[in-house]
Amino acid sequence: MLYWLAEIGDGGGAFNLFRYITFRAGAAFFTALVFGFIFGRPLINMLRKRQKGGQPIRDDGPESHMLTKAGTPTMGGLLILSALALSTLLWARLDNPYVWIVLLVTVGFGLIGFADDYAKVSKQNTKGVSGKVRFGLGLLIAACAGTAAAWFHPVELTGQLALPVFKDVLLNLGIFFVPFSMVVIVGAANAVNLTDGLDGLAIMPVMIAAGTLGVIAYAVGRVDFTEYLDVHYVPGSGELLIFCAGLIGGGLGFLWYNAPPAAVFMGDTGSLALGGALGAIAVVTKHELVLAIVGGIFVAEALSVIIQVLYFKRTGKRVFLMAPVHHHFEKRGWAEPQIVIRFWIISLILALIGLATLKIR
C-alpha cells in the first residue's frame, strides 16, 4: 500500500525509495518483527487466559511431553499471521495478483488451522476438526490458487513444470497443472504441520525456506537476472520477496516466545498457513521441485509418517520408534534442543543447495 507514496517522489526524494522491492522487503521484515515483539506477550497472556488447559497433549506421544508441554497455550500462529498480513499489506504492491494469491492461501489455511485448534482446546482433546474436512477445504483453496496462478503466468509458462538444473526442459502438464499445484500446496501445508512437534522445530526451517524462495522469487521476477541465471522469467513475482521478508520477521518475533521452553505453540493455525504459503510461492515462481529440496526437512517428516503407517498396516511392525521422525530421535535419547538445532542446520544446508540450482546447469 505504501508503495503508492512513491508517486509523491516523482523520481526523487525519500518516497522514491518505496519503488525498490529490496527497500520495501527490509521495511516489511522490521514491521513484522516489531509487531511480534510488541504484541507477542499480550497475545500469549490472552491465549493462556482463554485456554485453561492449553494445547491438549497426545497420550501416545513421548512421555516427557506430558510434563514439559502440558498447559502451554496454542494458536500462536495468530501472531505470525497478523504480523505477516500487516507487513505485506503495508509494503507490497496491492495490484500484484501473485501477492494476493499467496496471501489468501496463507489466510485460508490459517483459518482451517484456527478452527482445528479451537475445536481441540474447547473440547480438550486432540481430535479437532475432521481430517476429511481439513483436507477437502485445503484442496479447494489450493485448486483456486493453482487456477489463478496458471491464469496470470506468462503464456509460455502456463501449465508447464520447470525442472531445476535442466533449465531448457519444460514439462507440459496441461490440465494436470492445477491438480499438481494442489498436491504441492496441500502437501507443503501438512508436511509443516507434521514437523511442528518440538519447541522451535518448525518455525526456523520455515523461515529458511521462505528466505530461499524469496530470493528465487526476486530473481525470476527480474528479466536481467533470469537471462544471467538462465531460468524462466515470471513477471511480477519479485513482489513476493516482501511477503517472504514479512514471514521471516513475524517468524523471528514468534520464535522469541517459542524458543525452548516454549511460552506458546504456533498450532495448526500457524503450521498449516505457513506450509500453504511455501507451497503457493513455489507454484507461482515455477519452482515446485526446488521446494522439495529446500523443504527437505518437511518432506522427510511427512515421508516418515507415510512409511510408518504403510509398513505397520502391512507387517504390524514399526520402522521408526515413533513418527514423525523427530519423535524417533527423542525416543533414542536425543535432547530436544539437540534435535531442533540439528534440523535447523540441515535446513540451512538444503536451502543453499536449492539456491545453487539457480546457477547449476
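The structure we're discussing is the one just above.
Computed from a predicted model, the values in this text were never measured in an experiment.

Cut-offs and rules
Residues numbered from 1 in each chain as written. Predicted model: local features only at pLDDT ≥ 70, side-chain atom pairs only at ≥ 80, totals over all residues. Heavy atoms only, no water. Helix = DSSP H or I, 4+ residues; strand = E, 2+ residues; numbered from the N terminus. Rg over C-alpha atoms; globule rule 2.2 N^0.38 Å. Buried < 20%, exposed > 50% of the residue type's maximum accessible area, 1.4 Å probe, protein only. Contact = heavy atoms within 4.5 Å. Axes fitted to C-alpha atoms, helices over the stretch in contact; angles between N-to-C directions. Parallel < 35°, antiparallel > 145°, perpendicular 65-115°, else oblique. Left-handed = near helix turned anticlockwise from the far one by under 90°. Nonpolar A, V, L, I, M, F, W, Y, C, P; charged D, E, K, R; others polar. 1 Å grid on protein atoms, 1.4 Å probe; cavity = no way out; pocket = protein on both sides within 12 Å on 5 of 7 lines; lining within 4 Å. Points joined across faces, edges and corners; volume = space filled by probe spheres on them. Phe/Tyr/Trp six-rings, centres within 6.5 Å; stacked < 30°, edge-to-face > 60°. Core = buried A, V, L, I, M, F, W, Y, C linked by side-chain atoms within 4.5 Å. Salt bridge = Lys/Arg side-chain N within 4 Å of Asp/Glu carboxyl O.

(A) Highlighting the overall build of the protein chain. In terms of helices and strands, the protein chain carries 15 helices and 2 strands. Since a compact globule built from 361 residues should have a radius of gyration of about 21 Å, the 20 Å found for the protein chain is in line with a globular shape. Counting only C-alpha atoms and orienting by the principal axes, one finds that the protein chain spans roughly 60 × 45 × 35 Å. Here the protein chain holds 361 residues, and the buried ones make up 53% of them. A sequence separation of at least 24 residues applies to 74% of the contacts in the protein chain between residues at least 6 apart.

(B) The arrangement of the packing of helix α5 (residues 97–123) against helix α11 (residues 267–284) in detail. Orientation of α5 relative to α11, taken along the N-to-C sense of each, is 155 degrees, at an axis distance of 7 Å. Considering their axes alone, α5 and α11 lie roughly antiparallel with respect to each other. Note on packing geometry: the crossing formed by α5 with α11 is right-handed. Per-class residue counts for the contact of α5 with α11 are 13 nonpolar, 6 polar and 4 charged.

(C) Expanded view of the environment of L17. As for its position among the elements, L17 is in the loop between α1 (6–9) and α2 (21–50). For L17, a relative accessible area of 40% gives the class partly exposed. Between the alpha carbons of L17 and K167 there is a distance of 34 Å; along the sequence they are 150 residues apart.

(D) How the structure looks around the layout of surface pockets. There is about 220 Å³ of room inside the second largest pocket. Around the second largest pocket, the lining is made up of 12 residues, and of these R50, Q51, M75, Y118 and V121 lie nearest the centre. Of all the elements in the fold, those that place two or more residues in the lining of the second largest pocket are α2 and α5. Broken down by element, the residue count for the lining of the second largest pocket peaks at 4 residues, all from α5.

(E) Examining the packing of aromatic side chains more closely. By the definition in use, this model includes 8 aromatic pairs. Considering the side-chain rings of F35 and F39, the 4.6 Å spacing of their centres and the 40 degrees angle between planes classify their relative orientation as tilted. Of the two residues, F35 and F39 are both situated in helix α2; the distance of 4 residues between them amounts to about one turn of the helix. Classification of F35 as buried rests on a relative accessible area of 17%.

(F) Representation of the nonpolar core within the structure. F109, I185, I203, L240, F243, L247 and L278 are the most contacted members of the largest nonpolar core, which totals 97 residues. The element that contributes the greatest number of residues to this core is helix α8 (residues 203–220), accounting for 13 residues. Ignoring anything within four residues of it in the chain, the contact list for I185 reads V105, F109, A142, A145, G275, G276, G279, A280 and V283.

(G) Quick peek at the pattern of salt bridges. Applying the stated criterion across every chain, the model contains 7 salt bridges. The shortest N-O distance in the salt bridge between R134 and D268 comes to 3.6 Å. With a gap of 134 residues between them, R134 in helix α6 (residues 131–152) and D268 in helix α11 connect regions that are remote in the sequence. Its relative accessible area of 7% is what places D268 among the buried residues. One continuous salt-bridge network, built from bridges that share partners, spans D116, K120, R134 and D268.

(H) Representation of empty space enclosed by the protein in the model. Evaluation of the coordinates by the stated rule reveals 2 cavities of 30 Å³ or more. Size it by volume and the largest cavity reaches roughly 110 Å³. Surrounding the largest cavity, 14 residues form its lining, A162, L163, P164, V231 and H287 being those nearest its centre. Taken together, the residues of the lining of the largest cavity break down into 8 nonpolar, 3 polar and 3 charged. Elements that contribute at least two residues to the lining of the second largest cavity include exactly α5, α6 and α7 (177–195). When residues in the lining of the second largest cavity are grouped by element, the largest group, 3 residues, is from α6. Within the lining of the second largest cavity, the residues separate by chemical class into 5 nonpolar, 2 polar and 1 charged.

(I) Expanded view of unusual backbone geometry. In this structure, P261 follows P260 across a cis peptide bond, with omega equal to -5 degrees. Here A323 and P324 are connected by a cis peptide whose omega angle stands at 0 degrees. Residues other than glycine seldom take positive phi values, yet M75 does so here, at roughly 70 degrees. With respect to the helices, strands and loops of the structure, M75 is situated in the loop between α3 (63–68) and α4 (77–91). A positive phi is found at D230, a non-glycine position, where the angle reads about 60 degrees. Locating D230 in the fold gives a position in the loop between α9 (223–229) and α10 (240–258). When its relative accessible area of 29% is taken as the criterion, D230 is described as partly exposed.

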